[in-house]
Protein chains: 4
Amino acid sequence: MRVTTESLSDTATLTSYLLDDAPTTHAVDPTMPPRPAVLVLPGGAYLEIAEREAEPVATAYLAEGFNAFVLRYAVGADVPFEASLADATAALLRIRSGAEEFGINPHRIACAGFSAGGHLALALGTIAEEAPDALVLGYPVTMAQMGRPLGQRIPDLVGAITPDTPPIFVFATCGDPMVPVRNTLDLIAELDSHLVPFESHVYLLGGHGLSLARPASSGGQAHNVEPGAAEWFADSVRFLHTVFVDVELAGSQPGYDTLLLRRRLGVHMPLRNLVADERAVHVMAAAAPALTLAVQDGELSLLVSPAQVAQQSPDLIDRETLDKLQVSLDELN
Amino acid sequence: MRVTTESLSDTATLTSYLLDDAPTTHAVDPTMPPRPAVLVLPGGAYLEIAEREAEPVATAYLAEGFNAFVLRYAVGADVPFEASLADATAALLRIRSGAEEFGINPHRIACAGFSAGGHLALALGTIAEEAPDALVLGYPVTMAQMGRPLGQRIPDLVGAITPDTPPIFVFATCGDPMVPVRNTLDLIAELDSHLVPFESHVYLLGGHGLSLARPASSGGQAHNVEPGAAEWFADSVRFLHTVFVDVELAGSQPGYDTLLLRRRLGVHMPLRNLVADERAVHVMAAAAPALTLAVQDGELSLLVSPAQVAQQSPDLIDRETLDKLQVSLDELN
Amino acid sequence: MRVTTESLSDTATLTSYLLDDAPTTHAVDPTMPPRPAVLVLPGGAYLEIAEREAEPVATAYLAEGFNAFVLRYAVGADVPFEASLADATAALLRIRSGAEEFGINPHRIACAGFSAGGHLALALGTIAEEAPDALVLGYPVTMAQMGRPLGQRIPDLVGAITPDTPPIFVFATCGDPMVPVRNTLDLIAELDSHLVPFESHVYLLGGHGLSLARPASSGGQAHNVEPGAAEWFADSVRFLHTVFVDVELAGSQPGYDTLLLRRRLGVHMPLRNLVADERAVHVMAAAAPALTLAVQDGELSLLVSPAQVAQQSPDLIDRETLDKLQVSLDELN
Amino acid sequence: MRVTTESLSDTATLTSYLLDDAPTTHAVDPTMPPRPAVLVLPGGAYLEIAEREAEPVATAYLAEGFNAFVLRYAVGADVPFEASLADATAALLRIRSGAEEFGINPHRIACAGFSAGGHLALALGTIAEEAPDALVLGYPVTMAQMGRPLGQRIPDLVGAITPDTPPIFVFATCGDPMVPVRNTLDLIAELDSHLVPFESHVYLLGGHGLSLARPASSGGQAHNVEPGAAEWFADSVRFLHTVFVDVELAGSQPGYDTLLLRRRLGVHMPLRNLVADERAVHVMAAAAPALTLAVQDGELSLLVSPAQVAQQSPDLIDRETLDKLQVSLDELN
């Protein structure tokens, strides 16, 4: 393994943890650098860097075969958010463009951020010029108004979610006294609205800043250990392997395709999203008048898709009509 | 274990699974009936009863020491919601008032509901006259407008959440094609607003109706098995024990010291190892002649220690002799 | 679920826990009764029946989709072992012949025994007229000489192991003060000698009589809870599904075939077992003289098979010779 | 983290992986260097170094808070065992004497060896001049006569076990085709005879050389992944923490009470909920005017509680005022 730290700017350092080039690869495409990567953004309220959310997290992902990077970005009461974002963007660009040097797959870079670092990671996934391929957020700040403790204004990111936002794994604790869980709840509601694939875990117990919630990242403090919450890490690994499709041994990973399919204009897209597209509305009115009428009459839940309606209420749309509708809608993509 | 089914009404049957009154209690208050209880409400869109969400769930909680009940409530296209709610309320009342007969703690009754059964469980927790002490909801319906598939109007329950709502454990899947995850997201946002303690898990993968998401509840269908989602059950058990405060063990757990202790010359060392030490042999012959004779006569397994012999055959060596032997042997160390 | 208790004899009762005939099957052959079964034999030193190792264990396997049976067999200071064995044999016969009535697969019956019950289960697997299809043994007694505490002579079973002994899953604790772990160690050494497939776990911590090692089976005593040891149950379920080949959903269960293949006379059988068969010796001498010479000269470890030798020392036996040897040996089966 | 490789001799290199000196300690004795250490000895039949059993294992222990070392020791057909043992002994001496430099506890050094590396680790624990404090052995060679494949004679170590042998965690697979499980079975029988504390796991499935048995150490080969066997690593971590007695956390874990407390009118209730109660508003205006003003001016996030504000912005409300506010609010309950 090689561990090196480089300056990214006056304010930021990037520490790389690169596993040896040994026969432990699991690449899908053998010509691509095999390893997925995780860029870790520790928390610290944008005032400091929380070390408990830095190297311990990086080593945990290393043990799972990811190359890892820890960014210590610009922080401080007088440091504007734009400076921190610039550092984060620079780090991601550095990692992606240096994929060959780092032995990673440039399209398999996850960003894992905690607390304020979660806000920064989410910013990369929404408003920055360069986005990670997946996000892992630990008790993240997502909303603009965090008031005085934070010492600065930071942008609301919930409103910045789009269908292009990378898939997100997020966890938090029900009674977090520092970053209220509302931050996570509003985020996942928005993800659902935009059909962004996600997985979320809100644990009953646990305070703020759990990091891995295990002794190794607890700083010797019992309140930083919470067995229930500690499950998040293994779940995040399974999540990343699923969305990266990068564990190729035997067999396949069923399931994720469904989540991707429903995001295209077609009979698997929920009506709510279809009717938001004028062209799709016209297509539907022409191809499936009974369905369209039912929608207009408020008889249907708009959370279902035409395919689901066909399954449950074939009088509204039968198999043949469904197929024709799919063809017509697909032409719009 | 006793399994009995009784009619609650013309439309409902309640099946009780009552564990034997054997020494496996974990009561906080020994004068209270010891076992917590789970009332299972299977799904089925209020049109039928989904068996995969009935007995398999009950047996899973039985294995964790809960007494379990399965309610098959009024369902059907022409059955009004009020009838289903009346059945559920009657079941809860029956269980609570029959606490002594059922060997349960009347204030430790959880209600576990799936899909439409989750809606019904949530109704018990919000709008019924009698509420459970905790709720476990699997991919629940929470919103009123479920449109045509459901075949009937059911009340919105998200708006019925108050600070008095029992604590809720809820899980769902991100891309549920039948009960959109929005049902869960809106629910937990409301729980947070009213400070109701909760734990939620939204899994990336998995369709609708997973039940336990394990082979035992899959009906032989691979799509009903999802390893990630299957974690929900163990998490729900930890949640219930936490909110019920009902696991109280007496005594302590013997640890590594025990293993170290038996390696010292003393009454905890196995006879086989003692007799290999000449000095120990002399000490034993002097201090515990009956034991020594039994060893010589081949009456004892040499794999046990004097302390164990004292426990099982006090006629060979009693407590007093044992203590003297310990002192003498310890001097040799 | 139906729970019924029947008298098997003057001394024995058999309690059946039969899951409902609901769509939770996972049969390989749909014409066979779908469920595997577990016959639970509690411990109690052949003096009594330990309830903590009875129903709690049965309910745990029920939750995994097995139909379960608990046998309370003849016990007492004056009861000869033969009486207990007769009860156990009668129970197994009752279950197997009643397969249709019980809704089970008569060739998928495991016997799970603890302590003295483990001895009894092992007896079924070795010296009885009727054998289970798999054994799960918890801190079993396996050796004859258990001395005075047991109050009776019981047969040594380690010496009764043969290649036909069913596959065995066994767990114990390192410092068990009541049934020394030597009982388990001698057993698994013998299983290995006879190539009986097995899995064993000896945990560092834990006393005797842990049962499931969880609160639900602890009788409220902390010393009966041991998180490390508690893993045994899930491991036993995976073991049973593997050896029963009875979870058929998608894909296959690789691996077990290898364990079965090496038990037939052929190039995959270890030399140690081959040379014990005179006919095989002759075949080898004729077909693979260099190999035979090496064996006679003591140059080879007899724990390896001809196939392994071919891989590592092709000068002793090459591919062609190996194939011929396989054909000749196979004829002896 | 610092990763450096040094030459120990002409034949050996030692790679050190040292975690940062960050607040993740878990020392029992704060004056001792906090971290336990693991020295990894990869396998390779004493002919080569198996990389899959090198860094992947080291990173796994790093993620658990151990500092790790990988020794690439003398190997080759013509290399005598004594040379390999000399390298291993030198490595252990180097680590122990360099405890301060390496930030480790010199009496908490485990040696983890696989296959031939397991033999070497066991040699350190039995016949070398310097012994580790614990051993973790993966499918180890323990017996002298391994015949021709190994290419050299190595000493039998089973006969070298004494009561002073360090505690041992060992795992293997039932049908290991390369290092027969007899190696492990004979070892644990000897450990039991000498009362050496141990834990052993023999898995039903799995071939040779599994390493972590996970994708990260599989070299992309499905046969190197075995979910059952993969449990060994977590069990080994629990084993090491038990025998090292080195996880000591300060303070306590806040529990469910915290979640209940914030629902009562008081300083732990979020401002959002407080201001919804008219009486509470009056109390706050009187007792904590600066806080009330900040709320009115929209300077604060209403999702936090007065107690949290006091922690982060004591200028708005100090400890004394907080206590008075709590008393006043509590009277309203």
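Sequence positions are assigned chain by chain, starting from 1 and proceeding in written order. Here every chain gets a letter starting at A, and every ligand a number starting at 1, in the order they are written. Thresholds applied to this predicted model are a pLDDT of at least 70 for local features of residues and 80 or more for the giving and counting of side-chain atom pairs; totals over whole chains, interfaces and linings are not thresholded and use all residues. In computing side-chain values, all of the structure's heavy atoms are included and hydrogens and water are not.

*Asks:* Tell me about the pairing of strand 6 (residues 134-138) of chain D, and please be specific about residues and values.
*Replies:* Residue and element names in this part refer to chain D. Whether a residue is buried, partly exposed or exposed follows from its accessible area with a 1.4 Å probe, protein chains only, as a fraction of its type maximum: under 20%, in between, or over 50%, in that order. Strands here mean DSSP runs of E at least two residues long; helices mean DSSP runs of H or I at least four residues long; both are numbered from the N terminus. Taking burial as the measure, the 5 residues of strand 6 include 5 buried ones, the bulk of the element. Burial of the side chains of strand 6 extends over both faces: Ala134, Val136 and Gly138 are buried on one face and Leu135 and Leu137 on the other. Summarising the sheet, strand 5 (residues 104-114) and strand 6 pair through 5 bridges and their orientation is parallel. Within the sheet, the bridge partner assigned to Ala110 lies in strand 6 and is Ala134. At least two bridges found by DSSP between two strands is the condition for calling them paired. One ladder, built from 4 bridges, connects strand 6 with strand 7 (residues 168-173); its direction is parallel. Within strand 7, the residue paired with Leu135 across the bridge is Ile168.

*Asks:* Hey, could you go over the packing of helix 10 (residues 278-287) of chain A against helix 13 (residues 319-330) of chain A for me, with residue numbers and the actual values?
*Replies:* Residues and elements named next belong to chain A. Here an angle of 0 to 180 degrees is reported between the N-to-C directions of two axes, which are lines fitted to C-alpha atoms, with helices fitted over the stretch in contact. Relative to each other, helix 10 and helix 13 sit at 150 degrees, their axes nearing to 10 Å. Between helix 10 and helix 13, the crossing angle belongs to the class labelled roughly antiparallel. Judged by the sense of rotation from one axis to the other, the crossing of helix 10 with helix 13 is right-handed. In this structure, helix 10 contributes Ala280, Val283, Met284 and Ala287 to the contact, and helix 13 contributes Thr321, Leu325, Ser328 and Leu329. Comment on the angle field: the value is read as roughly parallel under 35 degrees, roughly antiparallel over 145, roughly perpendicular from 65 to 115, and oblique elsewhere. The hand of a helix crossing depends on one turn: near helix anticlockwise from the far one by less than a right angle means left-handed, and clockwise means right-handed. Contacts are assigned to residue pairs with any non-hydrogen atoms lying within 4.5 Å of each other.

*Asks:* Explain the side chain of Ser115 of chain D to me, and be specific about the residues and the numbers.
*Replies:* All names here are of chain D. Following the sequence through the fold, Ser115 ends up in the loop between strand 5 and helix 4 (116-126). Relative accessible area serves as the criterion here: at 9%, Ser115 is assigned to the buried category. Side chain to side chain, Ser115 and His208 meet in a polar contact 2.8 Å long. For Ser115, the contacting residues outside a window of four places in its chain are Gly43, Gly138, Tyr139, Pro140, Val141, Val179 and His208. Here a polar contact is taken to be a pair of N or O atoms separated by no more than 3.5 Å, where protein atoms must pair a possible hydrogen donor with a possible acceptor and residues adjacent in sequence count only if both atoms sit in side chains.

*Asks:* Describe the environment of Leu62 of chain D, and please don't skip the residues or the numbers.
*Replies:* As for its placement among the helices and strands, Leu62 of chain D is situated in helix 1 (residues 55-62). Owing to a relative accessible area of 2%, Leu62 of chain D belongs among the buried residues under this scheme. When the C-alpha positions of Leu62 of chain D and Val179 of chain D are compared, they lie 28 Å apart, and in sequence the two are 117 residues distant. Excluding its chain neighbours within four sequence positions, the residues that come into contact with Leu62 of chain D are Met1 and Thr59 of chain A together with Met1, Tyr17, Leu19, Asn67 and Ala68 of chain D.

*Asks:* Hey, could you go over helix 11 (residues 289-296) of chain B for me, with residue numbers and the actual values?
*Replies:* Residue and element names in this part refer to chain B. Buried within helix 11 we find Leu291, Thr292, Ala294 and Val295. Across the axial projection of helix 11, the buried residues extend over an arc of 160 degrees, all falling on one side. Structural note: helix 11 exposes Pro289 and Gln296 on the side pointing more than 90 degrees away from its buried face. Tucked inside the fold, the buried residues of helix 11 contact helix 9 (271-274), helix 10 (278-287), helix 12 (306-312) and helix 13 (319-330). The first or second residue beyond helix 11 is Gly298, which carries a positive phi of 70 degrees. As used here, the arc belongs to the directions running from the helix axis to the C-beta atoms.

*Asks:* A description of the packing of aromatic side chains should follow, citing residues and the corresponding values.
*Replies:* Aromatic contacts are taken between Phe, Tyr and Trp rings whose centres are within 6.5 Å, Trp giving its six-membered ring; a plane angle under 30 degrees counts as stacked, one over 60 as edge-to-face, and the others as tilted. Using the criterion set out here, one finds 48 aromatic pairs over all chains in the structure. With centroids separated by 5.9 Å and ring planes inclined at 55 degrees, the aromatic side chains of Phe114 of chain B and Tyr139 of chain B adopt a geometry described as tilted. Here Tyr139 of chain B lies in the loop between strand 6 (134-138) and helix 5 (147-150) and Phe114 of chain B lies in strand 5 (residues 104-114), a separation of 25 residues in the sequence. Ring centres 4.4 Å apart and planes at 15 degrees place the aromatic pair Phe171 of chain D and Trp232 of chain D in the stacked group. Of this pair, Phe171 of chain D sits in strand 7 while Trp232 of chain D sits in helix 7 (residues 232-244), and the two are 61 residues apart along the sequence.

*Asks:* Pulling in residues and values, what's your account of the UniProt feature "domain: BD-FAE-like" (unreviewed entry) in chain A?
*Replies:* UniProt positions are given in the numbering used here, feature names are shortened, and annotations may be inferred rather than shown by experiment. UniProt's entry tags residues 34-129 of chain A with the feature "domain: BD-FAE-like" (unreviewed entry), counted in the numbering of this structure. In residues 34-129 of chain A, helix accounts for 42% and strand for 25%; the two terminal C-alpha atoms are 25 Å from one another.

*Asks:* How would you summarise the pattern of salt bridges if you had to cite specific residues and measurements?
*Replies:* When a carboxyl oxygen of Asp or Glu lies within 4 Å of a side-chain nitrogen of Lys or Arg, that pair is called a salt bridge. Overall, the coordinates contain 56 salt bridges over all chains when judged by the stated rule. Here Glu231 of chain A and Arg238 of chain B are joined by a salt bridge, their closest N and O atoms 3.5 Å apart. With Glu231 of chain A in the loop between strand 8 (198-203) and helix 7 (232-244) and Arg238 of chain B in helix 7 (residues 232-244), this residue pair bridges two chains. Take Glu231 of chain A: its relative accessible area is 22%, and that puts it in the partly exposed class. Connected through shared salt-bridge partners, Arg182 and Asp186 of chain A, Asp192 of chain B together with Arg272 of chain D make up one network.

*Asks:* Break down the environment of Ala250 of chain B for me, citing the residues and quoting the values.
*Replies:* By the element assignment, Ala250 of chain B lies in the loop between helix 7 and helix 8 (256-261). By relative accessible area, which is 37% here, Ala250 of chain B ends up partly exposed. With near-sequence residues (within four places) excluded, Ala250 of chain B lies in contact with Gly220, Gln221 and Ala222 of chain C.

*Asks:* Talk me through the domain arrangement of chain A; I want residue IDs and the actual numbers.
*Replies:* Under the domain assignment used here, chain A contains domain 1 (2-257) and domain 2 (266-330). These domain limits were set by an automatic method or by a database of domain assignments. The centre of domain 1 of chain A, based on its C-alpha atoms, is set 38 Å off from the matching centre of domain 2 of chain A.

*Asks:* Explain the side chain of His201 of chain B residue by residue, including any values.
*Replies:* With respect to the helices and strands, His201 of chain B occurs in strand 8 (residues 198-203). Here the side chain of His201 of chain B touches Glu199 of chain B through a polar contact of 2.8 Å, side chain to side chain. If we ignore the near neighbours within four places in the chain, the residues touching His201 of chain B are Ser200, His201 and Tyr203 of chain A together with Phe169, Val170, Phe171, Ala172 and Asp235 of chain B.

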